[in-house]
Amino acid sequence: MPSRRRTLLKVIILGDSGVGKTSLMNQYVNKKFSNQYKATIGADFLTKEVQFEDRLFTLQIWDTAGQERFQSLGVAFYRGADCCVLVYDVNSMKSFENLNNWREEFLIQASPSDPENFPFVVLGNKVDVDGGNSRVVSEKKARAWCASKGNIPYFETSAKEGTNVEEAFQCIAKNALKSGEEEEIYLPDTIDVAASSQQRTGGCEC
Amino acid sequence: MNRSDSNKQSSSGEQEGAEIVYVKDNVAIHPTQYASERISGRLKLIKQGGSLLMTWIPYKGQSSSARLSEKDKSLYTIRAVPFSDVRSIRRHTPTLGWQYVIVVLSSGLAFPPLYFYNGGVREFLATIKHHAYLVRSADDANVFLVNDFQDPLQRTLSSLELPRAVSVTNTPSSAAAPSESPSSWTDGETFDRNSALAQQNARQRQKNNDPARDLSIQVLEKFSLVTRFARETTSQLFWEAQGDGFIPNDRRKHDKKTHDYPRIAESNNIQKLPEDVPVPEDPLEFDKVSLVWGKPRQPPLGIEEWSAFLDSEGRVTDSEEVRKRIFYGGVEQGLRKEVWPFLLGYHSYDSTYAEREYLVSVKKSEYETIKNQWKSISKEQAKRFTKFRERKGLIEKDVVRTDRSISFYDEDDSPNIKSLRDILLTYSFYNFDLGYCQGMSDLLSPILYVMGDESESFWCFVALMERLGPNFNRDQNGMHSQLFALSKLVELLDIPLHNYFKKNDCLNYFFCFRWVLIQFKREFEFEKTMRLWEVLWTHYKSEHLHLYVCVSILKRYRRKIIGEEMDFDTLLKFINELSGHIDLDAILRDAEALCICAGENGEACIPPGTPPSLPVDDASMYYQQDDDDVL
Ligand SMILES: Nc1nc2c(ncn2[C@@H]2O[C@H](COP(=O)(O)OP(=O)(O)O)[C@@H](O)[C@H]2O)c(=O)[nH]1
Ligand SMILES: [Mg+2]
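What comes next concerns the included structure. In this text, all values refer to a predicted model and were calculated from it rather than measured experimentally.

## Some points on the coordination of the magnesium ion (ligand 2)
Residues and elements named next belong to chain A. Protein coordination at the magnesium ion (ligand 2): the donors are Thr22 (OG1) and Thr40 (OG1), at 2.1 Å from the metal. One end of the pair, threonine 22, is in helix α1 (residues 21-30); the other, threonine 40, is in the loop between α1 and β2 (43-52), with 18 residues separating them in the sequence. A single burial state applies to threonine 22 and to threonine 40, both of which are buried.

Here's what the structure looks like:
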């Protein structure tokens, strides 16, 4: 490993307004859920220390306003991201259908060096609502979409009850770390796209 | 050309051997948004010796407005500015309206936009190009750089933007001033040396007999802020302030006051710094400027005082005086319901009780009519009306997360939350092109809290959105123009801070996005927000006081920002976390001082039509291709 190790991992959370981005971030970082979060204006981030194999990293999690009208701001915030989290609400078909837009918008604005292999993680949130009775997007459907986009890791979460939140962010951190390392390892040498893309296909084994 | 002008300095504009190479009539400036206050004049380019000069002289005695005296007009006169003092010219071509240019001087100051009523911008630029060094900026096709040097090293040097103590508008002779050629700016230390010198100067001057006056002038001079206007108002202000007993006459008292002033103690506290990072001095010596110019806050306007402003039929007799009073003190909570509709422009100051009562009833039924447009959409209809469902869904998600900590909104099934929803949904039908955008619920919430009544709140909100609507445009142009103006103001009022932001890629000012979008709603507690808003809405010192508020907050924390070498991320986080920790009264006082200090140069930083100014052209300002959003 190079001595100049990355210690800051930048993660962007995207998804329609109200799907629970701010709540997920706060549940993960502060272990709290509040009904009183305000709609996000502009952007903000929280940081959390994470440990992998005896190494400490700072996970910097960016939360932005979800309304599409604010997307032109994205450029300033998405740059340099190591992983992008796409969130939808399992009780809203529209929020699921929009995942593709969010993914593409991110790739355009962040313009990562290797868009094919840029790590995404998808979260289907609010699984607690109504005991699951108002759910309109099935897990199967969501997983199929994730598979079609290059095996994006998928989690079903509840920011309210904390379900799966820790697990999801473990995976997010791991992917962010991998993406950072790949850059470090492959970029200075000749770029070997085939090798790096092969490595990626495994997705997240968490 | 300047014959009729008594100013002796102007004579150097045209001497023997001067050749007029360009003349354009009906080139105007718009000092305010009012068409009646526009000033037309003649623009000339004059070739003299080796240099090219620009003049713009307003026509005599032609103004339609009694409000603009000849003296006012002459303030704007551009007397023979040599192009060696010009850094760039920005050309604006609005889709509707006249083409205009903004001429930016090397000092960083800019003249107000020059509107070419009869066209001729292209010829103007071509003439300059013919006689002086002019190139199009690689970054922006509408920016033309003057004196941009081929040599990359020199270019870097010239972009250091060293402050120069040359007052521009009233020294036509500055062409003859000591050489300002870039080669004399030998290194980055020049600036430090300059400011050290200036400080030394300042210290010396403070020993003089007339400290306050001297201080204010010198502080201005140091940063090229002395225009004739500023000089005049400075002395005037000084005497005024002294009349208030606010400026102490003698030095000891002044020092003492400084110590008594709580915010200075506070700012010392928060600005503890590692010793090793040098922070360039604030060129304005802001604390002092604020002491000299920012007036102390007053208690809020109460019912008795307000009644005295009304005549027997309920007209506000002196609206200027009312606005001034509110600017300095705000309004008591119990009176807001009555006063806000005036500030917002829903009621006009010269309306009578009877006229207002009538308006309220007419508007009430109008509100009900618009509200019924969506109320009458049946479930079946809504099923096939995706835009409506989505818009409603978006609003419903936001109203339940708006100000829930205020008791007015804290119950889960609060009727006030429902009113928020109904008003916003009705507004999105009233202004269908703009629709609903996040942030609007923040703007509405205090209005509903104050007005109580749904229809009244709606119309007050409509009035507010007349000015702030462009903040929410799909292309975000209202936000971009405000953030751009903010960057220009910081450049004018604190160039080291500007340079710091530039160096650290922070010039987009996105870290101020939330401040500007919802007028600091998230930065202060509820009551303080209302206080700030009513002050902003007076438009008393400037329509854009909120931008000066931004500058004053940034200036207050400049030592911390620069000293801790904050990058964009850290800065954004820092700014977000200032929420709840900003001393409103102190900031308002600073903002007023900055606004006075910047004067016309400050206003010139702000493009016409920048919110909350009323839009320059109304037509289809919201309408864009309907391809985005849930709408
Ligand atoms: N029942 C439930 N509600 C949630 C969950 N996550 C968020 N919410 C609620 O959904 C609304 C929007 O959440 P927020 O985190 O602000 O969404 P954002 O706009 O994506 O940041 C809020 O009222 C939250 O309380 C969840 O997992 N379960
Ligand atoms: Mg949010």
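## Here's the deal with the interface of chain B and chain A
With 36 residues of chain B at the interface, the matching set in chain A holds 27 residues. A buried area of about 2800 Å², summed over both sides, lies between chain B and chain A, and 54% of it is on carbon and sulfur atoms. As a salt-bridge pair, B:Asp403 and A:Lys38 come within 3.9 Å of each other at their nearest N and O atoms. Applying the counting rule to chain B against chain A returns 12 residue pairs in polar contact (both at pLDDT 80 or more).

## As for the side chain of A:Glu156
Residue and element names in this part refer to chain A. Looking at the element boundaries, glutamate 156 is found in strand β6 (residues 154-156). Within the structure, glutamate 156 has its side chain in polar contact with the side chain of arginine 135 (distance 2.5 Å). Setting aside residues no more than four positions away along its own chain, glutamate 156 makes contact with Tyr88, Gly124, Val127, Arg135, Glu139, Thr163 and Asn164.

## A closer look at the packing of aromatic side chains
All chains considered together, the criterion is met by 46 aromatic pairs over all chains. Centroid distance A:Tyr88 to A:Tyr154: 6.5 Å. Interplanar angle 20°. Geometry classified as stacked. A residue pair is termed long-range when its members are at least 10 positions apart, and A:Tyr88 in strand β4 (residues 83-89) and A:Tyr154 in strand β6 qualify at 66 residues. Note on accessibility: A:Tyr88 and A:Tyr154 belong to one class, buried. Taking the centre distance of 4.8 Å and the plane angle of 85° together, the rings of B:Phe408 and B:Tyr409 count as edge-to-face. Within the aromatic cluster, the residues linked to one another by ring pairs are A:Phe45, A:Trp62, A:Phe77, B:Tyr500, B:Phe501, B:Tyr509, B:Phe510, B:Phe511 and B:Phe568. Sitting over the ring of A:Trp62, A:Lys10 keeps its end group 4.9 Å from the ring centre. The ring of B:Trp459 has B:Lys363 sitting right over it, with the charged end atom 4.1 Å from the ring centre.

Conventions we followed
Residues numbered from 1 in each chain as written. Chains lettered and ligands numbered in written order. Predicted model: local features only at pLDDT ≥ 70, side-chain atom pairs only at ≥ 80, totals over all residues. Heavy atoms only, no water. Donors = N, O, S within 2.8 Å, 3.2 Å for Na, K, Ca; no water. Helix = DSSP H or I, 4+ residues; strand = E, 2+ residues; numbered from the N terminus. Buried < 20%, exposed > 50% of the residue type's maximum accessible area, 1.4 Å probe, protein only. Contact = heavy atoms within 4.5 Å. Buried area = accessible area lost by both parts, 1.4 Å probe. Salt bridge = Lys/Arg side-chain N within 4 Å of Asp/Glu carboxyl O. Polar contact = N/O pair within 3.5 Å; in protein donor to acceptor, adjacent residues only side chain to side chain. Phe/Tyr/Trp six-rings, centres within 6.5 Å; stacked < 30°, edge-to-face > 60°. Lys NZ or Arg CZ within 6 Å of the ring centre and 35° of its normal.

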